[in-house]
Amino acid sequence: MTIKIFNTINRKKEIFRPVKSNSASMYVCGPTVYSHPHIGNARAALVPDILFRLLRRTYQTVTYIRNITDVDDKISDAAFKQNKTVYEISESFIKIYQDNMTSLGILEPTLQPRVTDNMPSIITTIKKILKNGFAYVSDNHVLFDTSKYKEYGKLSKRTLDEMIDGARIEIADYKKSPRDFILWKPSNENQPGWESPWGMGRPGWHIECTAMIKNIIGDDCTLDIHGGGNDLIFPHHENEIAQGSCMSSSKYCNYWFHNGIVLVNKKKMSKSLGNVILLDDLLKNNSSNTLRLALLSAHYRQPLNWSDSTLIESNNLIKKFTSLAKSYTGDISDYDDLDHEVVGILSDDLNTPEVIKYLSELAKGAKTSQRDLACLIVSAKFIGLDLLANNKVLPKSIDEDLIKSLIDERSKARSSGDFKKADEIRDKLLSMGILIKDLEGETVWDYNSD
RNA sequence: GGCUAAGUGGCAGAGUGGUCAUGCAGCGGCCUGCAAAGCCGUCAACGCCGGUUCGAUUCCGACCUUAGCCUCCA
C-alpha cells in the first residue's frame, strides 16, 4: 500500500518513502504541560494518531515520538501563581494530558521523551552548532546565527528580509539580528536551571525537539516525518530545520506534516477571547467516539470550526452506527481483512471525511448485510471508533430506577388505552432529559443530548 | 503592512476538465394510538471578473472576503 501525504516543505502531496524500507520514524510536537489540554491539543494528537495507525499497518516497525515540554516560562509562571514547584505543575498536567489522551482512545506513542531528562543531549547539540560556526555566545545567551544558514525560511516560505521588515518585536541587544533565536538562556534563582558551559541556564524553545530527535534516531540519520500544528511552522519548525541541519551533515527531515487548527466562532482559541474548550469538560458529556468523529469530520489540513452542531451531528451519526453494531451476531475477528478499503482511503493524505462517507454507505448496507455491518465495525475500529462499546454518557444525577418505573407505568397506561397519561409521562421524562422510543414490543430510552 | 492557506447547497464538508459526494436540516410518503427512531423518495452549490478549452466548480491571472503566522500558540 502506497501512502501519500502532503509535505509542507514543497506544498505537494507526495508518495511517502521512508529512509529504511521496512520502518518509519515520526516525531510530533507534544504538549507544554502548564494547563488543561483543550480541543486543539486533542486534534494535534489525534491527527498523528491516525497516521500512526496507518503506518503501523504498512511498516514492520514504526517509531512514533511525541515529546513532553516540561521546561518553559509558562510552567514557571503557573508555578509562581499557584505557589507550587515547577515539578508539581508539570507532573500534574502530564497526568491530566495522558488521562485525556487515553479517554480519547489515542494510542500511546512509542516514546515520550521529556525535556528535563534530556539536558545533556541538549547541551551537546548546542556545542555542536557552536563548533560548526552557526551560533554565537552573547551575554550568557547562545544564539543561532540565522545569517549563516542560507536555507533559512525554506519551510515557511519567507525570506530573511521579509521577516526583518515585518518584525514587530524590539530587538534584544544581545542579538546580532532580530531573527536570531535563542538556543540557551540564563536562569535566575526563581527559574529552573542547569549547569552549562554558558552558565546556569535553560534551553530555548526549539532546541529540545532537535536534541531529542537526534538523540533517538542518531545524529547522522534523517527523520522520516515531523508533525505538529500548522501554527508551529514558523518559527518553531523553521528553527528546528536550521539547528538540525547545522549540527549534522544529514538532512533533518524528509516529510513535514501539519494539521490545521481548531477555531471557535471562526477564531483561534485564546484565553483573552475566553473561547478555550477544555477536554475535561467535553469528556464529561460526550463519548470518545463522538469527539473523535467530530475532530475527524474535516480534513486534517483544513481549519476545523468547533461548535455545538459539530458535536450534535457527530453524536447522531455515532448513535446510528452503534445501534446498528449492536445487532451484529458474528465473530468480528472473522473479518479482520475487511478494513483494506478504509486503509486505502486513508492512504490518500488521511482523507477522513471520505472515510465518514464510506462508513455511512456501509451503514446503509449493514441493514441487510452482516458482511457490511462487520465491515462497518472493523473500518470504524481502524480510525479508533469502537462501535461495540457502550456509548451512553449519562449525567450522574439521572436515576435509572426511576426512569424504568416511569416507563413501566406508561406502558400500563398505553395498554389500557390511557394515552393522555402515557403522553404526560413521556413529557415528564423528556423534561428530565430522557428521550424514549417505542420499538417493537419494547420501550428504550436514552439521554437526550440535543 | 508582509508571508502562507482557504472560499462549494440552509449548515457541516469531500471531490472532479463533461453523469451521484456524504451527513445534518427542509419537503413528500411509509410506519406509529400520537410521537421518536427507522425506511423510501426529493429539492438544492461550487466568492467575483477575465483567460485557456468543444466544454471550467475543477487549470491560469486579477480582484474581493476569511483564517493562520510574523508575539516561546497545538
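Being a predicted model, the structure only gives us computed values, none of them experimental.

## Some remarks on the side chain of Ser314
Argument step 1. By secondary structure assignment, the location of Ser314 is in helix 10 (residues 308-326).
Argument step 2. Since its relative accessible area comes to 6%, Ser314 is described here as buried.
Argument step 3. Discounting chain neighbours no more than four positions away, the residues touching Ser314 are Thr290, Leu293 and Ala294.

## Focus: the state of the cysteines
Argument step 1. As enumerated under the stated definition, the model contains zero disulfides in all.
Argument step 2. Lacking any disulfide linkage, Cys29 is separated from the closest cysteine sulfur, that of Cys209, by 4.1 Å.
Argument step 3. Looking at Cys29, the relative accessible area reads 12%, which means it is buried.
Argument step 4. Of the cysteine sulfurs around Cys221, a residue in no disulfide, the closest is that of Cys253, at 13 Å.
Argument step 5. Residue Cys221 is classed as partly exposed on the basis of its relative accessible area, which comes to 31%.

## Describing the nonpolar core
Argument step 1. Formed by 71 residues in total, the largest nonpolar core has its most connected members in Phe16, Ile39, Leu55, Ile225, Trp306, Leu359 and Leu376.
Argument step 2. Per-element tally for this core: the top contributor is helix 1 (residues 39-58), with 10 residues.
Argument step 3. Taken together, domain 1 (4-263) and domain 2 (306-382) each give at least three residues to this core, which thus spans both.
Argument step 4. Discounting residues that sit within four places of it in the chain, Trp306 has contacts with Ile39, Val262, Leu263, Val264, Asn265, Ile277, Leu282, Leu291, Ala294, Leu295 and Leu311.
Argument step 5. Counting 38 residues, the second largest nonpolar core, distinct from the first, contains Leu155, Leu183, Ile213 and Phe234.

## Comments concerning the sheet that holds strand 4 (residues 61-66)
Argument step 1. Spatially, the four strands line up as an open sheet ordered 4-3-9-10, and their pairing is parallel. Each having just a single partner strand, strand 4 and strand 10 (253-259) make up the two edges of the open sheet. Recorded for the sheet is a direction-independent mean angle of 20° between the axes of neighbouring strands.
Argument step 2. As paired strands, strand 3 (residues 23-28) and strand 4 are joined by six bridges and run parallel to one another. The partner of Val28 across the bridge, within strand 4, is Arg66.
Argument step 3. Against the sheet, helix 7 (residues 233-247) makes contact with strand 9 (223-229) and strand 10, and its axis sits at roughly 160° relative to strand 9, the strand it touches most.

## Examining the packing of aromatic side chains
Argument step 1. Under the criterion given, the structure shown has eight aromatic pairs.
Argument step 2. Ring geometry for Phe16 and Tyr59: centres 5.8 Å apart, planes at 85°, overall edge-to-face. Residue Phe16 is located in the loop between strand 2 (12-15) and strand 3, and its partner Tyr59 is located in the loop between helix 1 and strand 4; the two are separated by 43 residues in the primary sequence.
Argument step 3. Exposure remark for Tyr59: the relative accessible area of 11% places this residue in the buried category.
Argument step 4. Across the ring face of Tyr34, the terminal group of Lys74 is positioned such that the distance to the ring centre comes to 5.1 Å.

## Concerning the confidence of the model for chain A
Argument step 1. In this model, chain A carries an average pLDDT of 91, and 95% of its residues clear a pLDDT of 70 or more.
Argument step 2. By mean pLDDT, helix 5 (residues 160-166) is the weakest element of chain A at 67, and strand 4 is the strongest at 98.

## Describing unusual backbone geometry
Argument step 1. Put simply, Phe234 and Pro235 share a cis peptide bond, and its omega is 0°.
Argument step 2. Tracing the backbone through its elements, the reader meets Pro235 in helix 7.
Argument step 3. Not every positive phi belongs to a glycine, and Asp139 is a case in point at roughly 55°.
Argument step 4. With respect to the helices and strands, the residue Asp139 is situated in the loop between strand 5 (135-138) and strand 6 (141-144).
Argument step 5. Given a relative accessible area of 54%, Asp139 falls into the exposed group.

## Structural notes on the domain arrangement of chain A
Reports often express the size of an interface as the amount of accessible area lost when the parts come together.
Argument step 1. Structurally, chain A comprises domain 1 (4-263), domain 2 (306-382) and domain 3 (400-447).
Argument step 2. Centre-to-centre, using C-alpha coordinates, domain 1 lies 56 Å away from domain 3.

## Regarding the pairing of strand 6
A regular strand places its side chains so that they alternate between the two faces of the sheet.
Argument step 1. Neither face of strand 6 is left uncovered, since the one carrying His141 and Leu143 and the one carrying Val142 and Phe144 both have all their residues buried.
Argument step 2. In the sheet, strand 5 pairs with strand 6 via four bridges, with the strands oriented antiparallel. The residue of strand 6 that forms the bridge with Ser138 is His141.
Argument step 3. Between the end of strand 5 and the start of strand 6, which pair antiparallel, lie two residues, with Asp139 showing a positive phi angle near 55°.
Argument step 4. Pairing of strand 6 with strand 7 (residues 181-186) involves three bridges; the strand directions are antiparallel. Looking across to strand 7, one finds that Leu143 is bridged to Ile182.

## Notes on the protein's contact with RNA strand B
Argument step 1. Close to RNA strand B lie 51 residues; Lys74, Arg179, Leu232, Lys268 and Lys367 are nearest.
Argument step 2. Near the protein, meaning within 4 Å, the atoms of RNA strand B are sugar or phosphate in a fraction of 58%, with bases accounting for the rest.
Argument step 3. Within the side chain of Arg158, a nitrogen or oxygen atom sits 3.1 Å from a sugar or linking oxygen of RNA strand B.
Argument step 4. Between RNA strand B and the protein, one listed contact pairs a phosphate oxygen with a backbone N or O atom of His299 at 2.6 Å.
Argument step 5. Partitioned by chemical class, the residues of the surface near RNA strand B number 14 nonpolar, 12 polar and 25 charged.

Definitions and cut-offs
Numbering of residues begins from 1 in every chain and follows the order in which that chain's sequence is written. For this description, chains carry letters from A and ligands carry numbers from 1, given in the order in which they are written. Totals for whole chains, interfaces and linings use all residues, but because this is a predicted model, local features are given only for residues with pLDDT of at least 70 and pairs of side-chain atoms are given and counted only at 80 or more. Computation of side-chain values: all heavy atoms of the structure, hydrogens and water removed. The secondary structure listing takes helices from DSSP runs of H or I that are at least 4 residues long and strands from runs of E that are at least 2 residues long, numbered from the N terminus. Only protein chains enter the accessibility calculation, which uses a 1.4 Å probe. A residue is then buried if its area is under 20% of the maximum for its type, exposed if over 50%, and partly exposed in between. Should any heavy atoms of two residues lie within 4.5 Å, those residues are considered in contact. The criterion for a disulfide is a pair of cysteine sulfur atoms lying within 2.5 Å. For the purposes of this section, nonpolar cores are sets of buried Ala, Val, Leu, Ile, Met, Phe, Trp, Tyr and Cys residues that join through side-chain atoms within 4.5 Å. Boundaries between domains were set according to an automatic or database domain assignment. We call two strands paired when DSSP finds no fewer than two bridges between them. Lines are fitted to the C-alpha atoms to define the axes, a helix being fitted only along its stretch in contact, and any angle between axes, read from their N-to-C directions, falls within 0 to 180 degrees. Aromatic rings from Phe, Tyr and Trp, with only the six-membered ring used for Trp, were paired whenever their centres fell within 6.5 Å, and each pair was classed as stacked if the ring planes differed by under 30 degrees, edge-to-face if by over 60, and tilted otherwise. Look at NZ for Lys and CZ for Arg. If either is within 6 Å of the ring centre and within 35 degrees of the ring normal, a charge sits over the ring. pLDDT expresses, on a scale from 0 to 100, how confident the predictor is about each individual residue. One heavy atom suffices: a residue is near a molecule or strand as soon as one of its heavy atoms comes within 4 Å of it. Counting of polar contacts relies on pairs of N or O atoms within 3.5 Å, with two restrictions inside protein: one atom must be capable of donating a hydrogen and the other of accepting it, and residues adjacent in sequence are counted only when both atoms are side-chain atoms. Under the scheme applied here, ten amino acids are nonpolar (Ala, Val, Leu, Ile, Met, Phe, Trp, Tyr, Cys and Pro), four are charged (Asp, Glu, Lys and Arg), and all others, including Gly, are polar.

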